[in-house]
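Residues per chain are reported as follows:
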Amino acid sequence: AAIRSRAVKQTTTLLLLRIRFQLDVTRRGDTEALLAEECLVLGYRGDPQSPAWLAPDEATALLAARADVNVPEGQRLAWLQRAIDALPALQPAIEQRANERAEALVTSHDRVRKASGLTHIRYRVEPHLPADVLGCYIIAPVVAD
């Protein structure tokens, strides 16, 4: 999608990502491989070659931005194509976020294990990369006539 909204002062791109993780659970030497997945929103302002990344809460909140002005179809398609073409340049940041989420997942499992008093269990989490881009949302500021 591509809209013009008063919710932003600079063009902002939101990427809806699905990240899959392999979660290896080792109990007394036996390892079981499980699959986990998470959807998250990653957003940036400005040019994708030098993006200003948004905080996760800010990116998610912008999903609620409303269109204040219509964007002609040709312009909307051009903006979206440019965003899609920029995805390879964004891969390092997407992979970094996937690795951060993998670390958070293993930390969460370790915390539950410790709180429940379980012993002899180890967790290892690896993201399956590249992440799936499920959606691309461009929010451009409203321009004065």
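Here, every reference points to the structure presented above.
So, here's what we can say about the structure. Just so it is clear, the structure is predicted and the values come from calculations on it, not from any experiment. (Residues numbered from 1 in each chain as written. Predicted model: local features only at pLDDT ≥ 70, side-chain atom pairs only at ≥ 80, totals over all residues. Heavy atoms only, no water.)

Remarks on unusual backbone geometry
Part 1 of the reasoning: For the bond running from L129 to P130, omega is 5°, close enough to zero to count as cis.
Part 2 of the reasoning: Even without a glycine there, the phi angle at H120 is positive, about 60°.
Part 3 of the reasoning: With respect to the helices and strands, H120 occurs in the loop between α3 (87–115) and β5 (121–141).
Part 4 of the reasoning: Classification of H120 as exposed rests on a relative accessible area of 54%. (Helix = DSSP H or I, 4+ residues; strand = E, 2+ residues; numbered from the N terminus. Buried < 20%, exposed > 50% of the residue type's maximum accessible area, 1.4 Å probe, protein only.)

Considerations on helix α2 (residues 73–85)
Note that an α-helix has 3.6 residues per turn; residues three or four places apart therefore point the same way.
Part 1 of the reasoning: Across its 13 residues, α2 extends 18 Å between first and last C-alpha, which sits within 8% of the 18 Å expected from 1.5 Å per residue.
Part 2 of the reasoning: Among the residues making up α2, those that are buried are W79, L80 and A83. Within α2, the buried residues cover an arc of 95° as seen down the axis, which keeps them to one side. Opposite its buried face, α2 presents the exposed residues G74, R82 and D85, each directed more than 90 degrees away. (Expected span 1.5 Å × (residues − 1). Arc of directions from axis to C-beta.)

Quick look at the side chain of T26
Part 1 of the reasoning: When you line up the elements, T26 lands in strand β2 (residues 12–27).
Part 2 of the reasoning: What makes T26 buried here is its relative accessible area of 12%.
Part 3 of the reasoning: Among the polar contacts listed, one links the side chain of T26 to the side chain of T31, at a separation of 2.9 Å.
Part 4 of the reasoning: With residues near it in sequence (within four places) discarded, T26 still touches T31, H120, I121 and R122. (Polar contact = N/O pair within 3.5 Å; in protein donor to acceptor, adjacent residues only side chain to side chain. Contact = heavy atoms within 4.5 Å.)

Here we look at the sheet that holds β5
Part 1 of the reasoning: Spatial ordering of the open sheet is given by β1-β5-β2-β3-β4, a layout of five strands whose pairing is mixed. Only two strands of the sheet have a single neighbouring strand rather than two, namely β1 (2–5) and β4 (52–53).
Part 2 of the reasoning: Sheet contacts for α3: β2, β3 (30–45), β4 and β5; angle to β5, the most-contacted strand, approximately 135°. (Pairing = 2+ DSSP bridges. Axes fitted to C-alpha atoms, helices over the stretch in contact; angles between N-to-C directions.)

Quick word on the pairing of β1
Residues in a regular strand point their side chains to alternate faces of the sheet.
Part 1 of the reasoning: Neither face of β1 is exposed, since A2 and R4 on one face and I3 and S5 on the opposite face are all buried.
Part 2 of the reasoning: One ladder, built from four bridges, connects β1 with β5; its direction is parallel. Across the sheet, A2 pairs through a bridge with I138, a residue of β5.

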